[in-house]
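If you want the building blocks of each chain, they are given just below.
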Amino acid sequence: MSAQTSLAEKGLNPGLMCQESYACSGTDEAVFECDECCSLQCLRCEEELHRQERLRNHERIRLKAGHVPYCDPCKGPNGHSPGVRQRAAVRCQTCKINLCLECQKRTHSGGNKRRHPITVYHVSKVQESLEGEEMDEETKRKKMTERVVSFLLVDENEEIQVTNEEDFIRKLDCKPDQHLKVVSIFGNTGDGKSHTLNHTFFYGREVFKTSPAQESCTVGVWAAYDPVHKVAVIDTEGLLGATVNLSQRTRLLLKVLAISDLVIYRTHADRLHNDLFKFLGDASEAYLKHFTKELKATTARCGLDVPLSTLGPAVIIFHETVHTQLLGSDHPSEVPEKLIQDRFRKLGRFPEAFSSIHYKGTRTYNPPTDFSGLRRALEQLLENNTTRSPRHPGVIFKALKALSDRFSGEIPDDQMAHSSFFPDEYFTCSSLCLSCGAGCKNSMNHGKEGVPHEAESRCRYSHQYDNRVYTCKRYVIECPNCGVVYRSRQYWFGNQDPVDTVVRTEIVHVWPGTDAFLKDNNNAAQRLLDGMNFMAQSVSELSLGPTKAVTSWLTDQIAPAYWRPNSQILSCNQCATSFKDNDTKHHCRACGEGFCDSCSSKTRPVPERGWGPAPVRVCDNCYDARNVQLDVAEVQADDEGGTLIARKVGEAVQNTLGAVVTAIDIPLGLVKDAARPAYWVPDHEILHCHNCRKEFSVKLSKHHCRACGQGFCDECSHDRRAVPSRGWDHPVRVCFNCNKKPGDL
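The protein chain goes by Zinc finger FYVE domain-containing protein 1 in an unreviewed UniProt entry, where it is assigned to Apodemus speciosus.

Now the structure itself:
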């Protein structure tokens, strides 16, 4: 009995002999079909071939009665439909490929190929029935995807374009209780990402827009729902495109990657470039460093029973070549995945965040591209729920929303790092210390959770911020959160400086938006000196009238907040005697009202108002009530500390020198340094103009900008503006740069 007769009796197609001739010389009966080897194989050849490491994962099926293999070159009827593969009619013994009638006419009708010996396949009724069932199944799947449309999920400015979970589910057009996975695609502009998704999931329908034009047809992130595989498919904007806000759009890609279960990296390059490995390596590092913590926090905050960050997504590198062999073809002993890992190590990239990395290649001799291998690899990974489980669409939206809320905002161009696709600057707080320039190490928008700024490096002291905190060995004498507890160290005359003896100094960072070092009333003494300069220009001769008027004005300028202004004191608060123009008005240091000399001749300490232990003028009523301490808020006394310093300077000037002209000539030199606000740079440290760099001399005077505290010449600081953040509520001298700043200083 011949071999052909034996096969016919068994009900098998008599032409199905082993097509490999690897171990049997082509004489044995075919039992398996390997789609990736493109051949029918006997038991011996199948076992010997797929014992090799690089062929071990090939997909093989056992032959049934009447089996006819698929056509190798074409992908469907007339070579156009990716959904249905055409069965072969003949096998070319020379080319060792199976051909349908259309492909045989197209490739073997002319030239030397028409003389190639062929084997004809005879399709049985059983096979025709199987083909019909397959056609019906494919038709059903096509019909399920006919109504699928894509929608813009996130625009190019990282703004989510769906309002809430319900809107997200409605646009996906899936059931709220449907469990699904997320598949996204990445790659360079022009490599056919949208085309790949359309043919892999939607049978060639243009669900995601494609265009032959030079401009990218995908801007932002688009999404659609595949009801066949039950996945949310996400299309992304291409890398290396001519676009604005490149850093923000690159950061957007990582957000999409973080919510994906499966990532396709599409490349059309004949050889795998280093950019592919750098992109995946940098994405893995940024995912582990910045996104894992936020995804865990989202899981806890939203009470989700699905872990969002145990492992990152699986990656498929889909590589299509035309003129070159696929990866691993010239290394029969090594699988492509091992070669990919070697490339990562050579480039110093370690894709540890990804649960797995797979390589799927296809070589396109004649269009269209074969996406069947990619589809089968995707289906196999989607069925694996050991590391990534399907979840409700609402969970996917919550994860994307949490990442968008945390990592958002513009990225300055000067923070572009060309050595990395995802540098830390894309995800960390952009605030810089005003004193030393160090960057905050916390993630973006951490202030929403009440987390303060932090820096890894130490800060340096700046006069304009006075960013020092003093502590002693046992107790804090200056609070880093609410400011000064007490200022008595400023009056420790005769004792050693506590800064050099009993306290420890810490230099702290000054962050934008914080006012701990800005709102300080210590400039009240400088306001006194500015007032004296004003008096020197306005008072031309000394007489009793001008002196009283100037004294009244001066008192109001430096008076504590609880004092009644001189202009409102018309009579003594106790005896009601009316004041004349030249009468002296006295303020009680306890209640702040105005009295004549006889009704306020007594003195006693008023420490609750910040006057310390020394006796000061009080009215008769407050003197009689000296055993009852005033109920004065600590915050009020704290805020007036700097004003009382100026008041004491003013009293020393008035009481000791007695005349306005002397007060102008002498105290200016004596109290100028003591009255200097803490944020001003000392005169002896100012050698050049901070703006034009002119060297100061006797002829070139130094002027302090009331906003930044730096020293300038008159030309660079002749502008006048109020600086309320520093306590200057009226127009004062500011430098050229500070005057250009918008809003209040």
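Trainee: Even after reading the chapter, I still don't get the packing of aromatic side chains, so can you show me in this structure?
Mentor: Each aromatic ring pair is summarised here by two numbers: the centre-to-centre distance and the angle between the ring planes. A full pass over the atoms with the stated rule returns eight aromatic pairs. An angle of 35 degrees between the planes, with centres 5.9 Å apart, marks the rings of Phe168 and Phe397 as tilted. On the criterion of sequence distance, the pair formed by Phe168 in helix H5 (residues 165-172) and Phe397 in helix H11 (residues 393-406) is long-range, its members being 229 residues apart. Just as Phe168 is buried, Phe397 falls in that class too. Through pairs of rings, three or more aromatic residues link up here, namely Phe151, Phe168 and Phe397.

Trainee: Can you walk me through helix H10 (residues 372-382) in this structure?
Mentor: Helical geometry note: an α-helix holds 3.6 residues per turn, so side chains three or four residues apart project in the same direction. The buried count for H10 comes to eight of eleven residues, which makes it a mostly enclosed element. The complete set of buried residues in H10 reads Ser372, Gly373, Leu374, Arg375, Ala377, Leu378, Leu381 and Leu382. Tucked into the core, H10 has its buried residues touching strand S8 (181-187), helix H6 (193-201), strand S10 (231-235), strand S11 (262-267), strand S12 (314-321) and strand S13 (356-363).

Trainee: Explanation requested: the pattern of salt bridges in the structure shown.
Mentor: Two side chains carrying opposite charge are able to pair once their charged atoms lie near each other. In total, this model carries 20 salt bridges according to the counting rule given. In this structure, the salt-bridge partner of Arg249 is Glu237, at a minimum N-O distance of 2.5 Å. With Arg249 in helix H7 (residues 246-258) and Glu237 in the loop between S10 and H7, this pair connects stretches of sequence that are twelve residues apart. For the pair Arg249 and Glu237, a shared accessibility class is recorded, and that class is buried. The closest approach of N and O atoms between Asp597 and Arg617, which form a salt bridge, is 3.6 Å. Within this pair, whereas Asp597 is found in the loop between strand S19 (594-595) and strand S20 (602-605), its partner Arg617 is found in strand S21 (residues 615-618), the two being separated by 20 residues in sequence. Looking at Asp597, the relative accessible area reads 44%, which means it is partly exposed. Linked through salt bridges whose partners overlap, the residues forming this network are Glu47, Glu48 and Arg51.

Trainee: What's the story with the nonpolar core in this structure? I'm lost.
Mentor: The nonpolar side chains of soluble globular proteins are, as a tendency, buried together. Ranked by internal contacts, the top residues of the largest apolar core, which has 56 residues, are Leu153, Leu280 and Ile317. If sequence neighbours within four positions are ignored, Leu280 has contacts with Tyr265, Val315, Ile317, Phe344 and Phe354. If you look at the next biggest cluster of nonpolar residues, it comprises 22 residues, including Val183, Leu197, Ala224 and Leu262.

Trainee: Please clarify how the side chain of Lys360 should be interpreted in this entry.
Mentor: Relative to the assigned elements, Lys360 resides in strand S13. Look at Lys360 and you get buried, because its relative accessible area is 18%. The residues touching Lys360, leaving out its near neighbours within four places in the chain, are Glu36, Ile316, Ile317, Phe318, His319, Gly373, Leu374 and Ala377.

Trainee: Looking at this model, I keep getting lost on the sheet that holds strand S6 (residues 118-120). Mind explaining?
Mentor: Sheet strands line up and pair through hydrogen bonds in the backbone, either parallel or antiparallel. In space, the three strands of this open sheet follow the order S5-S4-S6, with antiparallel pairing throughout. Of all strands in the sheet, those bounded by a partner on one side alone are strand S5 (97-99) and S6. The sheet shows a mean angle of 25 degrees between the axes of neighbouring strands, taken without regard to direction. On the sheet, helix H3 (residues 101-108) packs against strand S4 (90-92), S5 and S6 and is oriented at approximately 115 degrees with respect to S5.

Trainee: How should unusual backbone geometry be read in this particular structure?
Mentor: Glycine aside, the phi torsion of most residues is negative, and most peptide linkages are trans. In this structure, Pro368 follows Pro367 across a cis peptide bond, with omega equal to 5 degrees. You can see Pro368 is positioned in the loop between S13 and H10. Look at Glu158: it is not a glycine, yet its phi comes out positive at around 70 degrees. Checked against the element boundaries, Glu158 lands in the loop between strand S7 (151-154) and H5. By relative accessible area, Glu158 is classed as buried at 6%.

Trainee: Even after reading the chapter, I still don't get the sheet that holds strand S3 (residues 60-62), so can you show me in this structure?
Mentor: If you trace the three strands from one edge of the open sheet to the other, you get S2-S1-S3, paired in antiparallel fashion. Edge positions in the open sheet fall to strand S2 (39-41) and S3, since each of these has one partner strand only. Within this sheet the neighbouring strands show an average axis-to-axis angle of 25 degrees, counted without direction. Bridge analysis of strand S1 (residues 32-34) against S2 gives three bridges, and the strand direction is antiparallel. Pairing of Cys34 across the sheet is with Ser39, part of S2.

Trainee: Would you explain H11 in this entry?
Mentor: Under the 1.5 Å per step criterion, the end-to-end length of H11 is 20 Å for 14 residues, consistent within 8% with the ideal 20 Å. Burial analysis of H11 places eleven of its 14 residues in the buried class, which makes it a mostly covered element.

Trainee: Looking at this model, I keep getting lost on the pairing of strand S9 (residues 221-226). Mind explaining?
Mentor: The element S9 is extensively covered by neighbouring structure, given that five of its six residues are classed as buried. Alignment of S7 against S9, held across three bridges, turns out to be antiparallel. Bridge pairing in S9 links Leu152 to Trp222. Where S9 hands over to S10, the hairpin turn is made up of four residues, of which Lys230 adopts a positive phi near 60 degrees.

Trainee: Looking at this model, I keep getting lost on the packing of H6 against H10. Mind explaining?
Mentor: Packed helices, taken two at a time, are described by their axes: the angle between them and the distance between them. Packing of H6 against H10 brings their axes to within 10 Å, and their N-to-C directions diverge by 70 degrees. The pairing of H6 with H10 is recorded here as roughly perpendicular in orientation. For the pair H6 and H10, the contacting residues are Thr196, His199, Thr200 and Phe201 in the first and Leu374, Arg375 and Leu378 in the second. Taken together, the residues of the contact of H6 with H10 break down into three nonpolar, three polar and one charged.

Conventions and cut-offs
Residues numbered from 1 in each chain as written. Predicted model: local features only at pLDDT ≥ 70, side-chain atom pairs only at ≥ 80, totals over all residues. Heavy atoms only, no water. Phe/Tyr/Trp six-rings, centres within 6.5 Å; stacked < 30°, edge-to-face > 60°. Helix = DSSP H or I, 4+ residues; strand = E, 2+ residues; numbered from the N terminus. Buried < 20%, exposed > 50% of the residue type's maximum accessible area, 1.4 Å probe, protein only. Contact = heavy atoms within 4.5 Å. Salt bridge = Lys/Arg side-chain N within 4 Å of Asp/Glu carboxyl O. Core = buried A, V, L, I, M, F, W, Y, C linked by side-chain atoms within 4.5 Å. Pairing = 2+ DSSP bridges. Axes fitted to C-alpha atoms, helices over the stretch in contact; angles between N-to-C directions. Expected span 1.5 Å × (residues − 1). Parallel < 35°, antiparallel > 145°, perpendicular 65-115°, else oblique. Nonpolar A, V, L, I, M, F, W, Y, C, P; charged D, E, K, R; others polar.

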